[in-house]
Amino acid sequence: MRERDHFIGFWLNDKEYNHLLEQCEITGLPTSVLIRQALAGVQLRHKPPNEYAALLRELSAIGRNINQIAYWANATRSINESQIVEAAVLAKEAWDLVKTSL
């Protein structure tokens, strides 16, 4: 069963149509979703680059490695707390840079 019960069709001139297609390309959204979000007042954003997901996976792996190193270092007492904090701060800064890059 359809989630939406009402259909609205409308005409666009070439300039409007091309602009709509450009916005769909920029956001990565289909036309119907783009129009619904625009009507709802959602701030449309650029779609993330294709490499973005891979970058996030790598950053996540780095974070896990830092946690493992911190666990091992605390267990053997071969690293001081300031070094662990510094590594965690660098990982957080990397996450923040990725998030703000959009």
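See the structure above.
Here the residue index of a chain counts from 1 through its sequence in written order. This being a predicted model, a pLDDT of at least 70 is required before a residue's local features are given, and a value of 80 or more before pairs of side-chain atoms are given or counted; all residues contribute to the totals for chains, interfaces and linings. Excluded from the side-chain calculation are hydrogens and water; included are all heavy atoms of the structure.

1. Some words on the overall build of the protein chain
When its secondary structure is counted, the protein chain shows four helices and zero strands. Overall, the protein chain shows an N-to-C arrangement of helices and strands of α-α-α-α. Projecting the C-alpha coordinates of the protein chain onto the three principal axes gives extents of approximately 70 × 35 × 20 Å. Buried means the residue's accessible area, taken with a 1.4 Å probe over protein chains only, is under 20% of the maximum for its type, while exposed means over 50%, and partly exposed covers the values in between. By the burial criterion, 13% of the 102 residues in the protein chain qualify as buried. Contacts are assigned to residue pairs that have any heavy atoms within 4.5 Å of one another. Nonlocal contacts in the protein chain, meaning residues at least 24 apart in sequence, comprise 36% of its contacts between residues at least 6 apart. All accessibility values rest on the Shrake-Rupley procedure with a 1.4 Å probe; residue burial counts only the protein chains present in the view. Surface accessibility of the protein chain: about 9000 Å² in total, with carbon and sulfur atoms responsible for 57%. In DSSP terms, a helix is any run of H or I states spanning at least four residues, a strand is any run of E spanning at least two, and both are numbered starting from the N terminus.

2. Section: the pattern of salt bridges
Pairing of side chains with opposite charge becomes possible as their charged atoms draw close. Just to be clear on terms, a salt bridge is a Lys or Arg side-chain nitrogen sitting within 4 Å of an Asp or Glu carboxyl oxygen. Counted according to the given criterion, the structure contains two salt bridges. In this structure, Glu3 and Arg4 form a salt bridge, with 4.0 Å as the shortest nitrogen-oxygen distance. Taking relative accessible area as the criterion, Glu3 reaches 71% and is therefore assigned exposed. For Asp96, the salt bridge is made with Lys92, and the minimal N-O distance between the two is 3.0 Å. On the criterion of helical spacing, the pair formed by Asp96 and Lys92 is a turn pair, its members being four residues apart in helix H4 (residues 81–100). What makes Asp96 partly exposed here is its relative accessible area of 31%.

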